[in-house]
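# Residue-level structural notes
Okay, here's what each chain looks like letter by letter:
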Amino acid sequence: MKADARRALEARRASLRQSPDAHHELAEIDAALERMDAGSWGRCETCGGAIGRGRLRALPEARHCLDCTRPD
Ligand SMILES: [Zn+2]
């Protein structure tokens, strides 16, 4: 799962590198790859809980779980 996500992020980074409008997205992708190296990838930055496989598959650079993303 993590290896697949890393490949997906690296492929997207490679395709976005040419795009002048993708700075923010590239930064998020780089941050996610750094979290993978650090071992914190897949953990919500707000509550520390698991982000969840379905969400990570759809959005490998997600920083927060669905509960913490939801406006209250
Ligand atoms: Zn959370």
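Everything that follows concerns the structure shown earlier in this document.
Quantities reported herein were computed from a predicted structural model and do not represent experimental measurements. (Residues numbered from 1 in each chain as written. Predicted model: local features only at pLDDT ≥ 70, side-chain atom pairs only at ≥ 80, totals over all residues.)

## Some points on the packing of helix 1 (residues 2-16) against helix 2 (residues 23-38)
Put simply, helix 1 and helix 2 touch, their axes get as near as 10 Å, and they point 150 degrees apart. One element, helix 1, and the other, helix 2, form an angle in the roughly antiparallel class. In this structure, the crossing between helix 1 and helix 2 has a hand that is left-handed. Where helix 1 approaches helix 2, its residues Lys 2, Arg 6, Leu 9, Arg 12, Arg 13 and Leu 16 are matched on the opposing element by Glu 25, Leu 26, Ile 29, Ala 32, Leu 33 and Met 36. Its residues placed into classes, the contact of helix 1 with helix 2 shows 7 nonpolar, no polar and 5 charged. (Axes fitted to C-alpha atoms, helices over the stretch in contact; angles between N-to-C directions. Helix = DSSP H or I, 4+ residues; strand = E, 2+ residues; numbered from the N terminus. Parallel < 35°, antiparallel > 145°, perpendicular 65-115°, else oblique. Left-handed = near helix turned anticlockwise from the far one by under 90°. Contact = placed C-beta atoms within 7 Å. Nonpolar A, V, L, I, M, F, W, Y, C, P; charged D, E, K, R; others polar.)

## Quick notes on the environment of Gly 48
Following the sequence through the fold, Gly 48 ends up in the loop between helix 2 and helix 3 (53-58). The spacing of Gly 48 and Ala 5 is 43 residues in sequence and 20 Å in space, taken between C-alpha atoms.

## Brief notes about the nonpolar core
Generally speaking, soluble globular proteins have nonpolar side chains that are buried together. Among the nonpolar cores identified, the biggest contains 5 residues, and these are Ala 5, Ile 51, Leu 56, Ala 62 and Cys 65. Not counting chain neighbours up to four residues away, the residues in contact with Ile 51 comprise Gly 42, Arg 43, Cys 44, Leu 56, Ala 62 and Cys 65. (Core = buried A, V, L, I, M, F, W, Y, C linked by C-beta atoms within 7 Å. Buried ≥ 20, exposed ≤ 12 C-beta atoms within 10 Å, placed from the backbone.)

## Here's the deal with the environment of Ala 32
Here Ala 32 shows up in helix 2. When the 21 C-beta atoms within 10 Å are taken as the criterion, Ala 32 is described as buried. When the C-alpha positions of Ala 32 and Gly 42 are compared, they lie 9.0 Å apart, and in sequence the two are 10 residues distant. Here Ala 32 is in contact with Leu 9, Trp 41, Pro 60 and Glu 61, once residues within four sequence places are set aside.

Remember, this is a structural readout, not a statement about activity or role.
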